Amino acid sequence: QVHLVESGGGLVQAGASLTLSCAGSGRTFSNYAMGWFRQAPGKEREFVASISRSAGSTYYASGMKGRFTISRDNAKSTLYLQINSLMPEDTAVYHCAASETNIPTIVREYFDWGQGTQVTVSS
């Protein structure tokens with residue numbers, strides 16, 4: 001399976017921007033569609049965005065399309081999530097995951113997950 005490690009999270013003030021990274025290893029990164037999920041304490045894990053193998057297609061969850069941008073660099077085996085105008089409601093652990101589904105949007109379509117990176121947004 002592909003091994004995934006997220007980074008780039010931290011404590012930021014509302015209105016700031018962050019770019020999260022997800023580094024893949026162990027398998028051919030470009031063979032898999034990729035996605036980002038987030039989970040706040042006491043909440044269900046929710047889908048954020050997904051991107052196809054060659055980055056030709058992207059899909060965003062409703063309400064997230066405006067401030068979130070998913071991208072990938074297959075030469076570096078890295079997935080990115082840019083978040084602009086961060087709000088306290090964005091506070092969560094952000095996970096990346098790999099999938100063999102064309103445009104995966106739900107948890108069950110992913111077979112491997114990173115450990116997550118914490119994003120905390122202060123008022």
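Residues numbered from 1 in each chain as written. Predicted model: local features only at pLDDT ≥ 70, side-chain atom pairs only at ≥ 80, totals over all residues. Heavy atoms only, no water.

> I tried to follow the overall build of the protein on my own but got confused; where do I start?
Within the protein one finds 0 helices and 11 strands. From first element to last, N terminus to C terminus, the protein shows the α and β order β-β-β-β-β-β-β-β-β-β-β. In terms of C-alpha radius of gyration, the protein reaches 13 Å, essentially the compact-globule figure of 14 Å for 123 residues. As displayed, the protein has an accessible area near 6,200 Å², and 46% of this comes from carbon and sulfur atoms. Across the protein, the centroid of the 10 positively charged side chains sits 4 Å from that of the 9 negatively charged ones. (Helix = DSSP H or I, 4+ residues; strand = E, 2+ residues; numbered from the N terminus. Rg over C-alpha atoms; globule rule 2.2 N^0.38 Å. Areas by Shrake-Rupley, 256 points an atom, 1.4 Å probe, with all protein chains shown as cover. Lys, Arg positive; Asp, Glu negative; His and termini not counted. Charge placed at Lys NZ, Arg CZ, Asp CG, Glu CD.)

> Where do I start with the sheet that holds strand β3 (residues 18-25) in this structure?
Whether parallel or antiparallel, the strands of a sheet pair through hydrogen bonds between backbone atoms. As summarised here, the arrangement of the 4 strands in space is β1-β3-β8-β7, forming an open sheet in which the pairing is antiparallel. Only two strands of the sheet have a single partner each, and these edge strands are β1 (3-7) and β7 (68-73). The sheet shows a mean angle of 20 degrees between the axes of neighbouring strands, taken without regard to direction. Two elements, β3 and strand β8 (residues 78-83), share 6 bridges in a ladder whose sense is antiparallel. Within the sheet, the bridge partner assigned to Ala23 lies in β8 and is Thr78. (Pairing = 2+ DSSP bridges. Axes fitted to C-alpha atoms, helices over the stretch in contact; angles between N-to-C directions.)

> Please clarify how the environment of Ser62 should be interpreted in this entry.
For Ser62, the position within the fold is in the loop between β6 (58-60) and β7. Between the C-alpha atom of Ser62 and that of Leu86, which follows or precedes it by 24 residues, the distance is 17 Å.

> Help me out: how do you make sense of the pairing of β8 in this one?
Each regular strand displays side chains that alternate between the two surfaces of the sheet. Pairing of β7 with β8 involves 6 bridges; the strand directions are antiparallel. What sits directly across from Asp73, in β8, is Thr78. Hairpin remark: β7 followed by β8, antiparallel, with 4 residues in the connecting loop; positive phi at Ser77, about 50 degrees.

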